[in-house]
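Residue-level structure breakdown
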Amino acid sequence: RKEVEQDPGPFNVPEGATVAFNCTYSNSASQSFFWYRQDCRKEPKLLMSVYSSGNEDGRFTAQLNRASQYISLLIRDSKLSDSATYLCVVRRSYSSASKIIFGSGTRLSIRP
Amino acid sequence: GAGVSQSPSNKVTEKGKDVELRCDPISGHTALYWYRQSLGQGLEFLIYFQGNSAPDKSGLPSDRFSAERTGGSVSTLTIQRTQQEDSAVYLCASSARQGVTDTQYFGPGTRLTVL
């Protein structure tokens, strides 16, 4: 079982729809969580960090559920430009180092 | 300012040859990470550096892979005796410090094709 798991999709939704992705992680020692976005043939870029209290950035809302070990990303009023792969990222520390694990990504396609 | 840069952007090599990939992190960033991404797949962690030392090499897939970082800046990832399964995009990222909240900034990647 992978340490970070995501539904690969693809999610194909109409413009203006609300779409939600979940990501589960298996190591309870995980400390910080992020969503990255990766466009086709481009490098990943940070979309938002995920805080315990949940956080919102415009049309994007991220939430963390430590008890159930999952994080979520909600996109409201989706735009064509939201089409991308969304990567869930988990970081945990051990000894004097830390480990960063990327999920395989969820592909989102917004149709006109 | 300048972002993370990687060179070459594309590399085609023959099976069995050695290749060297270079990463120039953002100036002042102390943490540097190497990942690889096969077509249609997620990112696979390879190694990270804090300064010039590599606390975590656990992701290197075999002893054909090695990496070094000098002067706390440029890093090179070397793959010896390349195999076809090494074909992938090799991504480098840097962050200001190796802390739990620091953002990683990625370079554009090196697309490696082993024939």
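Coordinates for the structure precede this section.
Attention in this report is confined to the structure presented alongside it.

Reading the values: rules and limits
Throughout, residues of each chain are indexed from 1 in the direction in which the sequence is written. Going through the entries in the order they are written, you letter the chains from A and number the ligands from 1. Totals for whole chains, interfaces and linings use all residues, but because this is a predicted model, local features are given only for residues with pLDDT of at least 70 and pairs of side-chain atoms are given and counted only at 80 or more. Neither water nor hydrogens contribute to the side-chain values; these are computed over all heavy atoms in the structure. By definition, any uninterrupted DSSP run of H or I lasting at least four residues is a helix, any uninterrupted run of E lasting at least two residues is a strand, and each is numbered from the N terminus. With C-alpha atoms as the basis for the radius of gyration, the globule rule is written as 2.2 Å multiplied by the number of residues raised to the power 0.38. For each residue, the accessible area found with a 1.4 Å probe, counting protein chains only, is set against the maximum for its type, and the residue is called buried under 20%, exposed over 50%, and partly exposed in between. Method for areas: the Shrake-Rupley scheme with a 1.4 Å probe, in which residue coverage is limited to the protein chains shown. Only four residue types enter the charge count, namely Lys and Arg as positive and Asp and Glu as negative; His and the chain termini do not. The atoms used to mark charge sites are NZ of Lys, CZ of Arg, CG of Asp and CD of Glu. Here, a disulfide means two cysteine sulfur atoms that sit within 2.5 Å of each other.

Looking at the overall build of chain A
The helix and strand tally for chain A stands at 0 helices and 11 strands. Of the regular secondary structure in chain A, the N- to C-terminal order runs β-β-β-β-β-β-β-β-β-β-β. For 112 residues, the compact-globule formula gives about 13 Å, and the C-alpha radius of gyration of chain A, at 14 Å, lands near that figure. Structurally, chain A occupies a C-alpha span of about 50 × 30 × 25 Å along its principal axes. Considering chain A as a whole, with its 112 residues, one finds that 48% of them fall into the buried category. In the structure as shown, chain A presents an accessible area of about 5,500 Å², 46% of it carried by carbon and sulfur atoms. Charge-centre separation for chain A: the mean point of 15 positive side chains lies 5 Å from the mean point of 10 negative side chains.

Some remarks on the state of the cysteines
Within this structure, the stated rule accounts for 2 disulfides over all chains. What pairs with Cys23(A) in a disulfide is Cys88(A), and their sulfur atoms sit 1.9 Å apart. With the S-S dihedral at roughly -70°, the linkage between Cys23(A) and Cys88(A) falls on the left-handed side. Highlighted residues: Cys23(A) in strand β3 (residues 19-25) and Cys88(A) in strand β9 (residues 84-94), separated in sequence by 65 residues. In this structure Cys23(A) comes out as buried when scored by relative accessible area, which is 1%. Covalent S-S linkage joins Cys23(B) and Cys92(B), the inter-sulfur distance amounting to 1.8 Å. Judged by the torsion about the S-S bond (-65°), the Cys23(B)/Cys92(B) disulfide is left-handed. With Cys23(B) in strand β3 (residues 19-24) and Cys92(B) in strand β9 (residues 88-95), this residue pair connects regions lying 69 residues apart in the sequence. The pair formed by Cys23(B) and Cys92(B) is uniform in burial state, with each residue classed as buried.

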